[in-house]
Amino acid sequence: MSLAELLRLEAAADAADLSVVGPRDSRVQEIDTRRFPWSTVCHLCRDFGGGSCAGCSGVLIGPDRVLTAAHCLWSLARRAAPRGITVFPGRTDRDTFPFGAVPARRFWVPHGFLEGPERTIWDFGVVELARPVRHTRRFPPLVAPDDAELARVAVERRLVIAGYPADRPLGTLWRHAERLKKVTPRRLFYSVDTCPGHSGSPVFVDRGRGAEVIAVHTSGILDAEGRSYGCDRRTVLAPPGLLNSGVRLTPAVVAAIRRPERARAGPWRMVELRPAGGDRGH
């Protein structure tokens, strides 16, 4: 595969991430990134070679662990992991890192994502940091509401997605709250506005106990030209009724995230990837 073809495939994959659902773009910039839970939302800079920063989002789920999307950690076009990942918790803008920058030491994705064929239900991954963060001891819990509880969430609550979209100034945190619209056994669908770069963002809900993570944001819909709706000046907003989506946290997914080192079989096996590009065990 030529470099031009590779770059085209990666650009298409990035564009397929997410979209802004009409009738308007309602995302809000979060300035106070020192406040929980925004202090736990992370900007991930991925270097696939040449020292550039390909952005994704994630959330701290412990002092040295970050939850994100699997496609942020493994390029299907390159069949390789990033050469390195730098994590910026609570980044405010291009030059403001209130909690510093921490390199990733290792990361995992499910074997089901690497091999497919149904990658969308396996699109979650875990990053281990080279050192623990010191700015907080409070991390949003991972919860797996059942169908009945999610039905109540759809009626009574709003989902919040916060992350670092590529169509806004570099390193700025944007969030939006909207309704849960559809539930399947492994995915949640919603009308929250997002754009490329939001991949890996936590899907928060507050059921009266503070922010909880119930999904990992991963994907959206494309216009007739194959572009993300509303994330480019050349595109329009997605018509109402179209939905973005993420991987639903189930008890089994939460267990895989919490203990990726644990031996598992089949698509549930969490494969450790090498930051230098390559993997262990795949």
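For the structure itself, consult the block above.
Residues numbered from 1 in each chain as written. Predicted model: local features only at pLDDT ≥ 70, side-chain atom pairs only at ≥ 80, totals over all residues. Heavy atoms only, no water.

**Student:** So, the overall build of the chain: which residues are in play, and what are the values?
**Tutor:** Along the backbone of the chain there are four helices and 16 strands. By the burial criterion, 55% of the 282 residues in the chain qualify as buried. Counted over contacts in the chain with a minimum sequence separation of 6, partners at least 24 positions apart contribute 72%. Put simply, the chain shows about 12,200 Å² of open surface, and 51% of that area lies on carbon and sulfur atoms. (Helix = DSSP H or I, 4+ residues; strand = E, 2+ residues; numbered from the N terminus. Buried < 20%, exposed > 50% of the residue type's maximum accessible area, 1.4 Å probe, protein only. Contact = heavy atoms within 4.5 Å. Areas by Shrake-Rupley, 256 points an atom, 1.4 Å probe, with all protein chains shown as cover.)

**Student:** Mind laying out the side chain of asparagine 244, listing which residues take part and the relevant values?
**Tutor:** The residue asparagine 244 is located in strand 14 (residues 244-248) in this model. Judged by relative accessible area, asparagine 244 falls into the buried class, the value being 0%. Polar side-chain contacts of asparagine 244 include one of 2.8 Å to the backbone oxygen of valine 192. (Polar contact = N/O pair within 3.5 Å; in protein donor to acceptor, adjacent residues only side chain to side chain.)

**Student:** Residue-level account of the state of the cysteines, with values.
**Tutor:** Inspection of the entire model under this criterion finds three disulfides. Each sulfur of the disulfide joining cysteine 195 and cysteine 231 lies 1.9 Å from the other. Across the disulfide from cysteine 195 to cysteine 231, rotation about the S-S bond amounts to roughly -90°, and the bridge is consequently left-handed. Of the two residues, cysteine 195 is situated in the loop between strand 11 (187-190) and strand 12 (202-206) and cysteine 231 in the loop between strand 13 (211-219) and strand 14; the sequence distance between them amounts to 36 residues. (Disulfide = S-S within 2.5 Å.)

**Student:** Give a detailed account of the sheet that holds strand 12, specifying residues and quantitative values.
**Tutor:** Taking strand neighbours across the sheet as the criterion, the eight strands line up as 1-9-8-12-13-14-11-10 in an open arrangement whose pairing is antiparallel. At either end of the open sheet lies a strand with only one pairing partner, and these are strand 1 (28-29) and strand 10 (180-183). Bridge count between strand 8 (residues 159-163) and strand 12: two bridges; the pairing is antiparallel. Looking across to strand 12, one finds that valine 160 is bridged to phenylalanine 204. The sheet contacts of helix 3 (residues 147-156) involve strand 8, strand 10, strand 11, strand 12, strand 13 and strand 14, and relative to strand 10 the element is tilted by about 160°. (Pairing = 2+ DSSP bridges. Axes fitted to C-alpha atoms, helices over the stretch in contact; angles between N-to-C directions.)

**Student:** Mind laying out the pattern of salt bridges, listing which residues take part and the relevant values?
**Tutor:** What the rule picks out here adds up to 19 salt bridges. The partner of aspartate 167 in a salt bridge is arginine 168, and the shortest N-O contact between them spans 3.2 Å. Note on aspartate 167: relative accessible area 26%, which makes it partly exposed. (Salt bridge = Lys/Arg side-chain N within 4 Å of Asp/Glu carboxyl O.)

**Student:** Please provide a residue-by-residue account of the nonpolar core, values included.
**Tutor:** Core analysis: the largest hydrophobic core is formed by 50 residues, its most contacted members being Phe124 and Ile257. No other element matches the five residues that strand 6 (residues 102-110) contributes to this core. Grouped together as the second largest cluster of nonpolar side chains are 13 residues, Leu150, Leu159, Val203 and Ala215 included. (Core = buried A, V, L, I, M, F, W, Y, C linked by side-chain atoms within 4.5 Å.)

**Student:** Please give an account of the pairing of strand 11 that cites residues and values.
**Tutor:** Burial along strand 11 is two-sided: Arg187 and Phe189 and Leu188 and Tyr190, pointing in opposite directions, are all buried. Connecting the antiparallel pair strand 10 and strand 11 is a turn made up of three residues. For strand 11 and strand 14, the ladder comprises four bridges, and the chain directions are antiparallel. Considered in strand 14, the bridge of tyrosine 190 is made with asparagine 244.

**Student:** If you had to explain helix 3 to someone new, which residues and values would you point to?
**Tutor:** Looking at helix 3, one finds that the buried residues are Glu149, Leu150 and Val153. Across the axial projection of helix 3, the buried residues extend over an arc of 100°, all falling on one side. The outward face of helix 3, more than 90 degrees from its buried face, is lined by the exposed residues Asp147 and Val155. (Arc of directions from axis to C-beta.)

**Student:** Kindly report on unusual backbone geometry, identifying the contributing residues and their values.
**Tutor:** Here the bond from phenylalanine 36 into proline 37 is cis, since omega is 5°, no more than 30 degrees from zero. With respect to the helices and strands, proline 37 occurs in the loop between strand 1 and strand 2 (41-47). With an omega of 5°, the peptide bond between glycine 116 and proline 117 qualifies as cis. With respect to the helices and strands, the residue proline 117 is situated in the loop between helix 2 (111-115) and strand 7 (125-129). One non-glycine residue, arginine 79, lies in the positive phi region at around 55°. Mapping arginine 79 onto the fold places it in the loop between strand 4 (65-68) and strand 5 (84-89). Given a relative accessible area of 40%, arginine 79 falls into the partly exposed group.

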